[in-house]
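# Results of the structural survey
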Amino acid sequence: MSTSAQPTVKVQLVRSPIGTKESHRATVRGLGLRKLNSVSELQDTPAVRGMINKISYLVKVL
């Protein structure tokens, strides 16, 4: 863990990206999510928030 105390957000993949748009599948991979129910902890930036918003129907924010 970094000592800079950056705010983070945890994201869990709860729906399969199979059958979704290619750009949405790329966004899932870009967030570091692989298998169903995998969790990724990311820095809370506007770019990451936008990616989460784009695929909000596939993920759950923890």
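You'll find the structure just up there.
Summarised in this report is the structure supplied together with it. (Residues numbered from 1 in each chain as written. Predicted model: local features only at pLDDT ≥ 70, side-chain atom pairs only at ≥ 80, totals over all residues. Heavy atoms only, no water.)

The subject of this paragraph is the environment of Ile 52. As for its position among the elements, Ile 52 is in helix H2 (residues 46-54). Residues Ile 52 and Val 11, spaced 41 residues apart in sequence, show a C-alpha to C-alpha distance of 8.1 Å. Apart from the residues lying within four places of it in its own chain, the contact partners of Ile 52 are Val 9, Val 11, Leu 31, Val 59 and Val 61. (Helix = DSSP H or I, 4+ residues; strand = E, 2+ residues; numbered from the N terminus. Contact = heavy atoms within 4.5 Å.)

Here three strands make up an open sheet; going across it, the order is E2-E1-E3 and the pairing antiparallel. Edge positions in the sheet fall to strand E2 (39-43) and strand E3 (59-61), since each of these pairs with one other strand and no more. Adjacent strand axes in the sheet meet at a mean angle of 30° when their direction is disregarded. Pairing geometry for strand E1 (residues 8-13) and E3, over three bridges, is antiparallel. Of the residues in E3, the one forming a bridge with Leu 13 is Val 59. The sheet contacts of H2 involve E1, E2 and E3, and relative to E1 the element is tilted by about 25°. (Pairing = 2+ DSSP bridges. Axes fitted to C-alpha atoms, helices over the stretch in contact; angles between N-to-C directions.)

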